Structure formats: structure tokens, C-alpha cells
Amino acid sequence: MAAKIISGKAVAQEIREEIKKEVEKLKEKYNVTPGLVTVLVGEDPASQVYVGQKEKTSKNLGFYSERHDLPATTSEEELLSLIGKLNKDPKIHGILVQLPLPKHINETNVLYAIDPKKDVDGFHPVNVGKLMIGEPDYLPCTPAGIQELLIRSGTQIEGAEVVVVGRSNIVGKPIANMLLQKAPGANATVTVCHTRTRDIKFHTKRADILIVAAGRPKAVTADMVKEGVVVIDVGVNRLETGLCGDVDFEAVKEKAAAITPVPGGVGPMTITMLMKNTLKAAKLLNGIRE
Ligand code: GUN
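Residues numbered from 1 in each chain as written. Predicted model: local features only at pLDDT ≥ 70, side-chain atom pairs only at ≥ 80, totals over all residues. Heavy atoms only, no water.

Novice: Tell me about the sheet that holds strand S4 (residues 94-97), and name the residues and values.
Specialist: As summarised here, the arrangement of the three strands in space is S3-S2-S4, forming an open sheet in which the pairing is parallel. The sheet is open, and its two borders are formed by strand S3 (64-70) and S4, each paired with just one other strand. On average, each strand axis in the sheet is inclined to that of its neighbour by 15 degrees, with strand direction left out of account. For strand S2 (residues 35-41) and S4, the ladder comprises four bridges, and the chain directions are parallel. What sits directly across from Val37, in S4, is Ile95. Set on the sheet, helix H10 (residues 266-285) makes contact with S2 and S4; between it and S2 the angle comes to about 130 degrees. (Pairing = 2+ DSSP bridges. Helix = DSSP H or I, 4+ residues; strand = E, 2+ residues; numbered from the N terminus. Axes fitted to C-alpha atoms, helices over the stretch in contact; angles between N-to-C directions. Contact = heavy atoms within 4.5 Å.)

Next up, the structure:
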């Protein structure tokens, strides 16, 4: 039986319509327009594409949008000084510094400098900590998108065996943390595999839900999954033949109950959750509780 294809593109569109309505209400009722600023240092082509998509989406939703493209030679002090100004700017509710940063800039220093209330990426240690104890303000965007896809596709999460492949701070660690919380859309039993896991297949074969953020094309093959698994492929690998995920989609879809494609799976969800966080930031910073 071939898998149901979970279209992140369709779900993202649905959520964007919801956000659009809320933005209109916020403008009418409170005269507040959510404001998002993107900061890109250097000329990494993939980062340029991501920042462009974020800017375009925020404009489409009726946000105030600001973009700062800085040269690769920008010093850490200059970047920190810009963040300081954006922290104080009342038009701005969300600050997104696109990663990775050039090597001469300390990423941790930059992430610490963003006001946690404007940290719509959810990368500041305060927000990471709040997530860990089950009291998040801002969920990191890719994990939030994954959870939303699981919920909206009707996947049974509570009690499920979830296996995450990859332990990055941006995806693997936070999604594992979110799905083990005692909360709706979570309550799973979570295993995290990584590059030093002795036998990855032993774990992936047991998964009811398999989340792959390994950063390696076709790292998960059909022999590594069980019949009826739900697969979320977070990989974005640019090959000569086009974009490809971390899962061997064609083969795995023959065994899976449901699977996300690449492109059109997690990607559109990440951007949408950034918009959702920015809307939330606009409310939090203006003391609006609805
Ligand atoms: N680089 C790759 N993913 C992300 C993300 O979600 N946020 C930021 N700021 N940079 C990234």
C-alpha cells in the first residue's frame, strides 16, 4: 500500500489563512501590525533563498517587514549593535538572524543578544529552557511545523514510539523535547539517534513516527522502516538532480502509512510557524491576550 503524502504546502496554506485573519483583527481592534525583521550576513545562496521566502511571506500576510543584508565582512560588534537597536524598535516584534553566520562571528553571542521576547526563532537559551520545562513562549519553527503536520494529518502521537534521527539544536533536540512533554499533541516515547548510535536501523525499525534530520541524502532506506510508519523528512539536500530529502522517498513510501515529500513537506511549514511566532510576539509585546 502506497503512503498518504502529507502536503506541508497545503497545511501551511491553511495556517497562513488563519494567520491573515488574525492580523486583520489585530490591526482593526488594536492598531497593531506584526513586524518581522530578517538579518542576513554574507552571501550564502541557500540563506538568501530562505530569507527571501520569509520576507515575501510576511508581506503577503500583511506584516511590517524589514530586511538587513550585511556584507560577509561585518564584525560581531556591528551585528550586536544592530540587534540592540532592533530590540528597542517598537515596530519590530520578531528578530530573525539567519544562520549559519560567517566563521568570525560567535553565533552564541548573537543569539544571546536578541531580546527573548522578540526571539521568534526560539533559539535564545531562555526560550530553549522554557521549552524544556513545558512552558514555551516561542517554539522553534521547524519542530513546531513538524508537530503541526503530525497533528493535522491525524497521526496518533500520544503513546507512539517516536524515533528522531539527528540531534541538532535547531531540529533534533527540540522536536524530541516537544514530543515527550506531558501535553496534547505530545506524550510520546522518544528515542534520539545520532552519528555515534551503534545500530540506527535497530531503532528506526521500531518507530511508529520517524523524524529524519540527519543532513545526509537518502540516509533512511526502505529496509530501515516498518510497515505503517509515519515519516517526516526534514532533509534539504541540493543535488545536481534537484532537491532531495534525507529519506529514500520512492522506496520508503511503499511501506509507510504517510510521508512528507521534499520539497513541499516540512519547508513551507517552517516559514509558516515563523509567521505564527511573529504574530504571537506582536500580541505578547502589546499585552494582548487573545
Ligand atoms: N538556518 C537554518 N534554519 C534556520 C532557522 O530556522 N532559523 C534561522 N535563523 N536560521 C536557520
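Once the structure has been displayed, the description carries forward.
Novice: With reference to specific residues and values, describe the nonpolar core.
Specialist: Counting 47 residues, the largest nonpolar core has Ile146 and Ile211 as the members making the most contacts within it. Elements that contribute at least two residues to this core include exactly helix H1 (8-30), helix H6 (141-152), strand S5 (161-165), helix H7 (172-180), strand S7 (209-212), strand S8 (230-233) and H10. The greatest single-element share of this core, amounting to nine residues, is contributed by H10. When near neighbours in sequence (up to four residues on either side) are disregarded, Ile146 contacts Val171, Ile175, Ile211, Ile232, Val234 and Val266. Membership of the second largest hydrophobic core comes to 18 residues, among which are Leu70, Ile95, Leu99 and Leu101. (Core = buried A, V, L, I, M, F, W, Y, C linked by side-chain atoms within 4.5 Å. Buried < 20%, exposed > 50% of the residue type's maximum accessible area, 1.4 Å probe, protein only.)

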